[in-house]
Amino acid sequence: QAASRAAEELLETGPSEAYVGWQSVGEGHGDGVFQHPYVECLLRVARRQVSEALAEQPEDDRWLICVRTYGRAGEPLPKAELRRFLAKHWKRGGFADLQRAFFSLGIDSMDTLRDELQDIGALRNRIRVDGDGGYVPSYKSLEELRDEAEAEKETLAPGGCKKKDRRAGDMGILELTLSTLERALGSEAHRRCLIFVSHEDKAFTSGLYAAALKGTPWERRVVQGVKGAHLQVRFIEEAAPHGTHLVVADDNIAEIYVECVSEAFIQQQKKEGIQDHMVRLMSAGFAERPLGDARLGLAEESEVLRFLHAAMSSSKAGRGKLKLFDEAKLVKDALSRLDIDSLPKLSKLLEGDFSGSRQNPDRARLQEALDAVGCKATPYLVVKKLRAQVGLPLPPRKLLVVRRRCRQKSGLGAQAEGGPELAALIRRAGLEMENQGANIWAMCPSKNHYWLHGFGTAIRQRARTTGIYKDHLEKLGLVFGAFFGFRVLHEQRRYTRYGQVKDDVERTLRYWHCDGKVVRFNRYGVVKDRCHLVGKFHAKKGGISAESSAELHKAEATRALTGMLEEFASKHARLAKPGEASSCGLIWKVDKEVGNETEAEAEA
């Protein structure tokens, strides 16, 4: 009985007690929330759900998208689509009466509307007898509505960049993020995702989320988490096993874009009047080759070539990276002629005797192989450099441009070309984090299609010149909170401590402070619904604006930026000066040029 009473008391008082003092930011912020027994119970349940979701994934390809949502349940998708269709195409009076009549007759989706409009006379009779409100639309108006409904059945060509038709403020999570993920990952997207709600969100406790998701594949993917967008990310991490690759997505993502490789596709979209014609929507059934040439593919750099590349980098100063890389490839070709294609074989070669005259058998064999591939380095110098590299760390693995017949079927290169494009990007991001020694990655926060395409064009030009394909940056820049991935480490020093308004800025700086690297794939962009309000307060915006005000939002933003700079981030960023362009209130302290980015572009 005592245990039962304690449990009842925890359920009654826990939801409010857990957040006592949580508004106090800085060191230790949020720790009290996660130490409360109520939140510990939520975590135990969440860990089981996350473990079950991960168990559904292939053992060698486990990653999970965690959608954090608050106050954005929306209506059931079919009903919401019908409501917007009527708002768009009904040009006469009586709009509210028409909606009530349709809904009272059970016409709550575009499919049922099309079925009913096949017999307009019978529909008008039903509205007259059973409809709510006594309003009966004219025969001609329903004929026009029928024609528009049939026209709506036309679907967008794969990869096209036509924007969704929507009215501000009436879209829920199903029509935004979940719809975007289904488009990008296919009909099985829900198997890779979980939806994290706040246990105290009125949209959740009132059953709005349950009603909106009912009958969809997402219905059983809901996990109860905590209040606060920043604390929800920590909750998601605490719920997952150490080392897991997680992706966090906001609930109001409108589209995920990728810049167009094909000039013909760009011209086609431009001809169709698509404004952002240099990018396309990420679609599960459509992708372009990364270099835009069917004869070229990507292959993962071998261990031997990585070793040689590191060894050859000790050459004299003034020799360019391209020449050093070419020299490493020549040495690799020479070693291949000696049947040396692995590090163990190379180690055995280095045990030989390369001193003395040209008559030395080991030296003579290597000299002959070097001469055959046109390498001018002497065997003695090559072996000296190779021996100096033994036992030292290897440089990050590169993606090499190869002819299609030489394409490897595993690793980074193969994964970047197979399956839905978003899934391939997430897999490669996981490998690239490990490769670069980073623990977080993101897409570009910009939706400027000229900038995205310009970045992609520069990547392809460098790839054709150097033979190395590198479509990401490791320099300091915003890890946009709308869609980012990270490796679960459960480290206190990485948790954000200054509230939810600037949590992506703080997360960027904390991971940079720990690792000195963040990985950003700037060919890809994520766009939120009503993107002009990103980072700003709006009373009807939902999400983190749901229980705030303009004054509180501004105060929290200022407090967060000054707090993180004073605590640890002053050597990585500074406050923007009056009149200085900044989308997040800070200017990153980066090199004057980062790839094709200026300092201001790197910040934005």
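Shown above is the structure to which this text applies.
A brief look at the structure comes next. Computed from a prediction, not measured in an experiment: that's the story for all the values here.

## Some details on the overall build of the protein
Helices and strands together make up the secondary structure of the protein, namely 24 helices and 16 strands. When the 604 residues of the protein are sorted by exposure, 50% land in the buried category. Partitioning the intrachain contacts of the protein with sequence separation of at least 6 by distance along the chain shows that 74% fall at a separation of at least 24. Total accessible area on the protein stands at roughly 28,200 Å², and carbon and sulfur atoms take up 50% of it.

## Structural notes on empty space enclosed by the protein
Under the defined criterion, the tally for this structure stands at two cavities of 30 Å³ or more. Put simply, the largest cavity is a space of about 100 Å³. Along the walls of the largest cavity sit His230, Val233, Arg234, Glu237, Ile440, Phe484, Phe486, Arg494, Tyr495, Thr496, Arg507 and Tyr511, which together make up its complete lining. Elements represented by at least two residues in the lining of the largest cavity include exactly helix 12 (229-238), strand 11 (483-487) and helix 22 (503-515). If one sorts the elements of the lining of the largest cavity by residue count, helix 12 sits on top with four residues. Each residue belonging to the lining of the largest cavity can be placed in one class, and the counts come to six nonpolar, two polar and four charged.

## Topic: helix 7 (residues 120-130)
Restricting attention to buried positions, one finds in helix 7 the residues Ile120, Leu123 and Ile127. Projected down its long axis, helix 7 shows its buried positions confined to an angular sector of 60°, all on one face. Against helix 5 (95-104), helix 6 (110-116) and helix 8 (139-151) lie the buried residues of helix 7.

## Overview of the nonpolar core
If you look at the biggest cluster of nonpolar residues, it comprises 92 residues, and the most contacted ones within it are Ile65, Leu422, Trp441, Phe483 and Trp588. Among the elements that line this core, the one with the most residues is helix 3 (residues 37-55), at eight residues.

## Re the packing of aromatic side chains
Counted by the stated rule, this structure contains eight aromatic pairs. Aromatic pair phenylalanine 34 and phenylalanine 235: ring centres 6.5 Å apart, planes at 40°, arrangement tilted. Of the two residues, phenylalanine 34 sits in helix 2 (residues 31-35) while phenylalanine 235 sits in helix 12, which places them 201 residues apart along the sequence. Measuring from ring centre to ring centre gives 6.4 Å for phenylalanine 196 and phenylalanine 235, while their planes differ by 75°; the resulting arrangement is edge-to-face. Separated by 39 residues along the polypeptide, phenylalanine 196 in strand 2 (residues 193-198) and phenylalanine 235 in helix 12 bring together distant segments of the chain.

## A look at the packing of helix 4 (residues 77-89) against helix 8
Contact geometry for helix 4 and helix 8: axes closest at 11 Å, N-to-C directions at 125°. Looking at the two axes, helix 4 sits oblique to helix 8. The interaxial crossing formed by helix 4 with helix 8 has right-handed handedness. Each of Phe85, Leu86 and His89 in helix 4 lies in contact with helix 8, whose residues at this interface are Leu145, Glu148 and Ala149. In the contact of helix 4 with helix 8, the residues fall into four nonpolar, one polar and one charged.

## With respect to the sheet that holds strand 2
On the basis of which strands lie adjacent, the open sheet formed by nine strands has the order 3-2-1-4-11-9-12-5-6 and mixed pairing. One side of each edge strand has no neighbouring strand; the edge strands of this open sheet are strand 3 (222-225) and strand 6 (279-281). Across this sheet, the average inter-strand angle for adjacent strands is 35°, counted without regard to direction. Bridge count for strand 9 (residues 440-444) against strand 11 is three bridges, and the pairing is antiparallel. By the bridge assignment, isoleucine 440 is partnered in strand 11 with phenylalanine 486.

Parameters at a glance
- Residues numbered from 1 in each chain as written.
- Predicted model: local features only at pLDDT ≥ 70, side-chain atom pairs only at ≥ 80, totals over all residues.
- Heavy atoms only, no water.
- Helix = DSSP H or I, 4+ residues; strand = E, 2+ residues; numbered from the N terminus.
- Buried < 20%, exposed > 50% of the residue type's maximum accessible area, 1.4 Å probe, protein only.
- Contact = heavy atoms within 4.5 Å.
- Areas by Shrake-Rupley, 256 points an atom, 1.4 Å probe, with all protein chains shown as cover.
- 1 Å grid on protein atoms, 1.4 Å probe; cavity = no way out; pocket = protein on both sides within 12 Å on 5 of 7 lines; lining within 4 Å.
- Points joined across faces, edges and corners; volume = space filled by probe spheres on them.
- Nonpolar A, V, L, I, M, F, W, Y, C, P; charged D, E, K, R; others polar.
- Arc of directions from axis to C-beta.
- Core = buried A, V, L, I, M, F, W, Y, C linked by side-chain atoms within 4.5 Å.
- Phe/Tyr/Trp six-rings, centres within 6.5 Å; stacked < 30°, edge-to-face > 60°.
- Axes fitted to C-alpha atoms, helices over the stretch in contact; angles between N-to-C directions.
- Parallel < 35°, antiparallel > 145°, perpendicular 65-115°, else oblique.
- Left-handed = near helix turned anticlockwise from the far one by under 90°.
- Pairing = 2+ DSSP bridges.

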